[in-house]
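Breakdown of the fold
What follows is each chain in one-letter form.
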Amino acid sequence: MSATCIEIDLSRIEGNARTLRERYGARGVEIAAVTKGVCGDPEVAQALVRGGIGALADSRLDNLARMRAAGVQAEYWLIRPPRPSQVERVVALADVSLNTERATLRRLAEAAQKAGRVHQVILMVESGDLREGFLPAEVARAAEEAASLPGLHLRGLGTNLVCLNGVIPTPEVMSAFSALVEEVEGRVGRRMETVSGGNSGNHGWIMSAASPGRVNHLRIGEAILLGRESTRRRAIPGLAQDAFTVVGEVIEARDKPSVPTGEVGLNALGRRPAAASVGDAMMRRAIVALGEQDVTLHGVRPRIPVEVVGICGDQLVLADRAGRLHVGDAVAFDVSYTALLRAMTSPYLAKRYLPCPPAEAPEDRVRNPLHFGAEGL
Ligand SMILES: *Cc1c(COP(=O)(O)O)cnc(C)c1O
């Protein structure tokens, strides 16, 4: 067996889901758990459901199909605006979709009617981050149309911040969104059931706001999977940040000069590398069998005191000043959300689910990565 894998601690994911569901629930806010960071992995989805999550949300239909095919029982949300060419699949795979185009809404309505279903839609409103969403001035008319289309049920409104430009959901921005919801309700003539106010970037707001206003729903990925809010990537107290561990095997370990010799141009990835220089001294370097194809340079943090100095497509180089690593050792890394997505997408990383077997203490395995090598994984 290879040491190069991603370890997924399902009990930590379940615990994070349960804790956030309870905390947000106390504020009247439900969660759809976002699975795009794990490519709709059915084991993870099942852990989320065990944690009390009733709705699973993903940006890709293939991921929804994967979870459905595995028999995971939940309400399914498509959270990227549907591709117009895929409306039949959207209606078949998603109970709810987030929408920003009236032409697509009409196509969804037709597809739903043809399939003999009612498809639920949330209309997304632009709140300043400049990714998807109707402009505030457009949304009332779009909502009137959506409410009138046979085959569709206008379930509510939503908004999304933090993603493209890092715009923070301040109390002012969120109040304006709530006010807009009420304006649209006036135009449509009924109350919106679901007001989906954002993502893991809304964590700070929801925990500190005097009131969530009309927001009664959030779509949460990173905060559950990695225990972090996303405006400043701060750890959320009481949640596990280490449900995922990327493990790589050392394929070379030796002392080399700390600075490159010769004329320096661009490296294999078209970048100008920053050398981890210790002057003229020799330095122990270890190469791990992971690369940009599996993780990202800035998205991995070793759990032992060694330093990432660079990455190519399939080799990750560490500075190991204390000389603790040897060829064949396994090194454990924490991952960022982007590196998690890369690792889950890489066909080269085996997925190992914990607890498995249940008698093992995952704590020891994760805290003492060198232990893995000794086990000959
Ligand atoms: C990715 C995404 C989310 C979840 O974001 P996290 O930061 O992982 O919580 C929510 N809504 C939309 C529209 C998204 O694209």
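These lines cover the structure that appears in this document, whether it is placed above or below. (Residues numbered from 1 in each chain as written. Predicted model: local features only at pLDDT ≥ 70, side-chain atom pairs only at ≥ 80, totals over all residues. Heavy atoms only, no water.)

**Side note on the nonpolar core**
Grouped together as the largest cluster of nonpolar side chains are 92 residues, with contacts concentrated most on I13, L123, I224, F244 and L340. Per-domain counts for this core show at least three residues from each of domain 1 (10–225) and domain 2 (244–367). Once residues within four sequence positions are removed from consideration, I13 is found in contact with I8, V44, A47, L48, I224, L225, A243 and F244. Counting 10 residues, the second largest nonpolar core, distinct from the first, contains A57, W77, I79 and L98. (Core = buried A, V, L, I, M, F, W, Y, C linked by side-chain atoms within 4.5 Å. Buried < 20%, exposed > 50% of the residue type's maximum accessible area, 1.4 Å probe, protein only. Domains from an automatic or database assignment. Contact = heavy atoms within 4.5 Å.)

**Here's the deal with the pattern of salt bridges**
Using the criterion set out here, one finds 24 salt bridges in the structure. Notably, a salt bridge pairs R131 with E132, separated by 2.6 Å at the nearest N-O pair. Through salt bridges with shared partners, a single ionic network connects D9, R12 and D242. (Salt bridge = Lys/Arg side-chain N within 4 Å of Asp/Glu carboxyl O.)

**A short note on helix α5 (residues 102–114)**
When the terminal C-alpha atoms of α5 are compared, their 19 Å separation across 13 residues agrees well with the 18 Å that a helix rising 1.5 Å per residue should span. Turning to α5, its buried residues are T104, L105, L108, A109, A111 and A112. Where α5 is buried, its residues contact α4 (87–93), β5 (96–99), β6 (119–125), α6 (136–148) and β7 (152–159). Phi turns positive, to about 70°, at G116, one or two residues after α5. (Helix = DSSP H or I, 4+ residues; strand = E, 2+ residues; numbered from the N terminus. Expected span 1.5 Å × (residues − 1).)

**Some words on the site of the ligand**
Around the ligand lies a shell of 13 residues, among which K36, S200, R219, G221 and Y337 are the nearest. Residue K36 places a side-chain N or O atom 2.8 Å away from an oxygen atom belonging to the ligand. With respect to the ligand, the side chain of R131 contributes an N or O atom lying 2.9 Å from an oxygen atom. Out of a free accessible area of 390 Å², the ligand has 95% covered by protein chains. The class makeup of the residues in the shell around the ligand is four nonpolar, four polar and five charged. (Near = heavy atom within 4 Å. Polar contact = N/O pair within 3.5 Å; in protein donor to acceptor, adjacent residues only side chain to side chain. Areas by Shrake-Rupley, 256 points an atom, 1.4 Å probe, with all protein chains shown as cover. Nonpolar A, V, L, I, M, F, W, Y, C, P; charged D, E, K, R; others polar.)

**Section: the pairing of β7**
Judged by how many residues are buried, β7 sits mostly within the fold: seven of eight residues are covered. Here seven bridges tie β6 to β7, and the two strands are oriented parallel to one another. Each bridged residue has a counterpart across the sheet, and for V121 the counterpart in β7 is L154. Crossover β6 to β7 through α6 is right-handed. Where β7 lies against strand β8 (residues 194–196), three bridges are found, and the strand directions are parallel. Residue L157 lies in a different strand from β8, and its bridge partner there is V195. Following the backbone out of β7, through helix α7 (residues 171–188) and into the adjacent parallel β8, one traces a crossover that is right-handed. (Pairing = 2+ DSSP bridges. Right-handed = clockwise from strand over helix to strand, strands pointing away.)

**Overview of the packing of helix α1 (residues 10–25) against helix α2 (residues 42–50)**
Viewed as axis vectors pointing N to C, α1 and α2 meet at an angle of 40°, and their least axial separation amounts to 8 Å. The angle between the axes of α1 and α2 places the two elements in the oblique class. In this structure, α1 meets α2 at a crossing whose hand is right-handed. Every residue of α2 that contacts α1 at L10, I13, E14, A17 and R18 is listed here: E43, V44, A47, L48 and R50. In terms of residue class, the contact of α1 with α2 is made up of six nonpolar, no polar and four charged. (Axes fitted to C-alpha atoms, helices over the stretch in contact; angles between N-to-C directions. Parallel < 35°, antiparallel > 145°, perpendicular 65-115°, else oblique. Left-handed = near helix turned anticlockwise from the far one by under 90°.)

**A few points about the pairing of strand β1 (residues 5–9)**
A large share of β1 lies buried, amounting to five of its five residues. Neither face of β1 is exposed, since C5, E7 and D9 on one face and I6 and I8 on the opposite face are all buried. Examined bridge by bridge, β1 and strand β16 (residues 350–354) share five bridges and lie parallel to one another. Each residue of the ladder has a partner; that of E7, found in β16, is R352. Examined bridge by bridge, β1 and strand β10 (residues 244–257) share four bridges and lie antiparallel to one another. Each bridged residue has a counterpart across the sheet, and for I8 the counterpart in β10 is F244.

What is shown is where atoms sit, not what they do.
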